[in-house]
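Below, each chain spelled out in residue letters.
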Amino acid sequence: MSAAKKLNLVSIEDYLRGELVSPVKHEYLGGVVYAMAGARNAHNIIKGNVFASLHSRLRGRRCRPFDSDTKIRIRLPNHMRFYYPDVSVTCQPNSQRDSFQDEPAALVEVLSRSTRRIDGGEKKDAYLTIPSLSVYILFEQDTAAAVVFRRTAQGFVREVYEGLEAVIPLGEIETELPLAEVYDGVEFSPEAEEDDAG
């Protein structure tokens, strides 16, 4: 029987230093670094619309949105993780010298076929351990719909919002998010739905 290969783990300091100069973003899971893939235009339109809507609605208030260049640090019991959500909102920001946030109040991911399992599984499970997190939102790409995980006294509950008339209430950060704004300019097509099926 051969010995298992030993992983060369990356230190948090080396990871953070490297991300400041890397042309490619990487997520960090307990010393293992993963390069992030690109996204379709629809994904980027939705992500941009969410950021723009939250930026406009939260201007001058205590909570501030961050785009997908801002990492979230997650302290799990036996290791540290850094993820790049599509959009985050924090009401207690880290120092502006940091390259990450520790206390997000809201996190947003735009789903695709390639990210659905991670965004709705691994990332969700890690995100929901963050004590400051009140809301985690998953937006579909090919239909106007969102799944929201909202913190309650009994734990996180799952809510579904569908259609361009729907509005996601976000009292936790003193605003709301209309799906008509989130999906502004997005073209839904049967071909896209078939591409992401399976």
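Heads up: the structure comes first, above all this text.
Computed from a predicted model, the values in this text were never measured in an experiment. (Residues numbered from 1 in each chain as written. Predicted model: local features only at pLDDT ≥ 70, side-chain atom pairs only at ≥ 80, totals over all residues. Heavy atoms only, no water.)

This part is about the pattern of salt bridges. Two side chains carrying opposite charge are able to pair once their charged atoms lie near each other. Summed over the entire model, instances satisfying the criterion amount to 13 salt bridges. Here D102 ties to R73 by a salt bridge, and the two come within 2.7 Å at their closest N and O atoms. Here the residue D102 occupies a position in the loop between β7 (100-101) and β8 (104-110), and R73 occupies one in strand β4 (residues 71-75), the gap between them amounting to 29 residues. Judged by its relative accessible area of 19%, D102 falls in the buried class. On the accessibility criterion, R73 (16% relative accessible area) is buried. The partner of D119 in a salt bridge is K123, with the nearest N and O atoms 3.7 Å apart. Taken together, the residues D119 and K123, both in helix α3 (residues 116-127) and four residues apart, mark about one turn of the helix. (Salt bridge = Lys/Arg side-chain N within 4 Å of Asp/Glu carboxyl O. Helix = DSSP H or I, 4+ residues; strand = E, 2+ residues; numbered from the N terminus. Buried < 20%, exposed > 50% of the residue type's maximum accessible area, 1.4 Å probe, protein only.)

None of this, on its own, says anything about what the molecule does.
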